[in-house]
Amino acid sequence: MIFGGIYPKLPMNTLKSLSGVGIVFAGTVSAIAGMTVLPAQALPIIYNPTPTVTMNTGSFSTNFGALVNTANGNGLTGTGNALQQQHVAGESDSNFWSATLGGGATPADVNLDFNFGSPVLLDTLALWNYNVSNTTATDRGIKHFTLILSNNANFSSPVYVSGTLTLPEGTATNIPATIFSFPVIQAQYARLDVASNWGPTGGSNIGLSEVRFAQTVPVPESSSGLGLLALGLLGTAAAFRRH
């Protein structure tokens, strides 16, 4: 829904109703108004941040490839920018990452965290699920997850929380990215809070081929930040859930 003119103060019951469908406002509007307006650049601006794994409980041990492979472009092929490329299948351990979960952990205990190094503007997540040349192994790919964006590394004060998202199971062939779009948000950290994989319930493995984040739409330039404030009022989502 597009609003024009003055943005009225919304009553608390309206905010609660928005929260019920997974769309709620950031904890403070001033955080949105205080965003840094970056110099204009050609879009899309595509990021491959530094990946880490945070476990809610238990442990993980990489059993194929390396975690860095999820963000280094290994395995991407084809023309166009990274969002338009496919990820190759095959069995090269330089193109994939998978891990065995231990200590009673399940896929729901896995958080894939990404650090951009400094706050950046984002509106797109691109994922290539685990697609080795083995239709049984692709079961370890992510199925359900929540995207969380934050400006602190422990995600205690998120600036955006999606609803539950579904990533299609990878196939043992070259695959395109699955694209998830959201309102323009400024954040330094992103988390894929995994809920399940494509394997049996409580499966003991997790895997992913590649991830990219991007800004694909322009942000109104404003030295006062009012353009970003309007975007925040139109679509910024933030909510607290388990981490």
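Conventions adopted
- All chains use their own residue numbering, which begins from 1 and follows the written sequence.
- Where totals are concerned, whole chains, interfaces and linings use all residues; where local detail is concerned, this predicted model gives features only for residues with pLDDT of at least 70, and gives and counts side-chain atom pairs only at 80 or more.
- By convention in this description, side-chain values take in all heavy atoms of the structure and omit both hydrogens and water.
- Salt bridges are counted wherever a side-chain nitrogen of Lys or Arg sits within 4 Å of a carboxyl oxygen of Asp or Glu.
- The way it works is that DSSP assigns letters per residue, a run of H or I at least four long becomes a helix, a run of E at least two long becomes a strand, and they are numbered from the N terminus.
- Residue exposure (1.4 Å probe, protein chains only): buried if accessible area is under 20% of the type maximum, exposed if over 50%, otherwise partly exposed.
- Only when DSSP finds a minimum of two bridges between them are two strands counted as paired.
- Between N-to-C directions, angles span 0 to 180 degrees; the directions come from axes that are lines fitted to C-alpha atoms, helices contributing only their stretch in contact.
- Across the chain, each position has a pLDDT score giving the predictor's confidence in that residue, from 0 to 100.
- Throughout, a contact is declared for two residues whenever any of their heavy atoms are within 4.5 Å.
- What is meant by a nonpolar core is a set of buried Ala, Val, Leu, Ile, Met, Phe, Trp, Tyr and Cys residues, joined one to another through side-chain atoms within 4.5 Å.

Trainee: Sorry, what's going on with the pattern of salt bridges here?
Mentor: Counted by the stated rule, this structure contains 2 salt bridges. When the shortest N-O distance is used, the salt bridge between R191 and D113 registers 2.6 Å. Taken together, the residues R191 in strand β12 (residues 178-197) and D113 in strand β7 (residues 110-128) connect sequence positions 78 residues apart. Of the two residues, R191 and D113, neither departs from the other in class, the shared state being buried.

Trainee: Which parts of the structure should I look at to understand the sheet that holds strand β6 (residues 97-102)?
Mentor: Sheet strands line up and pair through hydrogen bonds in the backbone, either parallel or antiparallel. Judged by pairing direction, the sheet is antiparallel, and its 3 strands sit side by side in the order β3-β6-β13 without closing on themselves. The open sheet has two edge strands with one neighbour each: β3 (59-65) and β13 (205-208). Each adjacent strand pair in this sheet contributes to an overall mean axis angle of 25°, direction not counted. Pairing of β6 with β13 involves 4 bridges; the strand directions are antiparallel. The partner of W97 across the bridge, within β13, is L208.

Trainee: Would you mind going over the sheet that holds strand β11 (residues 175-176) with me for this structure?
Mentor: Spatial strand order, β4-β5-β11: 3 strands in an open sheet with antiparallel pairing. In this open sheet, the two strands that pair with only one neighbour each are β4 (76-77) and β11. Here β4 pairs with strand β5 (residues 86-87) via 2 bridges, running antiparallel. Within β5, the position partnered with T77 by the bridge is Q86.

Trainee: When you look at the confidence of the model for the protein in this model, what are you seeing that I'm missing?
Mentor: The predicted structure's coordinates, where accompanied by low pLDDT, should not be read in detail. For the protein, the mean per-residue pLDDT works out to 82, and 73% of the residues sit at or above 70. Across residues 1-34, where pLDDT falls below 50, the model places 34 contacts with residues more than four positions away in sequence or in other chains.

Trainee: Looking at this structure, I do not really get the nonpolar core. What am I missing?
Mentor: In summary, soluble globular proteins display a tendency toward joint burial of nonpolar side chains. Counting residues in each nonpolar core, the largest one holds 36 residues, and the members touching the most others are L112, L125, L127, F145, L147, L149 and F213. Examining the composition of this core, we find that 8 residues originate from one element, β7, more than from any other. Residues contacting L112, with those up to four places away along its chain left out, are T52, V53, L67, W97, I142, A190, R191, L192 and L208. Residues A82, W128, A177 and A214 belong to the second largest nonpolar core, which totals 8 residues.

Trainee: Got a minute to help me understand the environment of A108 in this structure?
Mentor: Along the chain, A108 turns up in the loop between β6 and β7. Residues A108 and A195, 87 residues apart in the sequence, show an inter-C-alpha distance of 4.1 Å.

Trainee: Explanation requested: the pairing of strand β8 (residues 142-150) in the structure shown.
Mentor: Strand residues, when the strand is regular, have side chains that alternate between the two faces of the sheet. Taken across its 9 residues, β8 has 7 buried, putting it largely inside the fold. As paired elements, β8 and β12 share 8 bridges and run antiparallel to each other. Residue pairing in the sheet places L147 in a bridge with L192 of β12. Pairing analysis gives 2 bridges linking β8 to strand β10 (residues 165-166), with the strands arranged antiparallel. Residue pairing across strands places H144 opposite T166, the latter belonging to β10. Bridge count between β8 and strand β9 (residues 158-161): 3 bridges; the pairing is antiparallel. Bridge pairing links S150 to P158 in β9.

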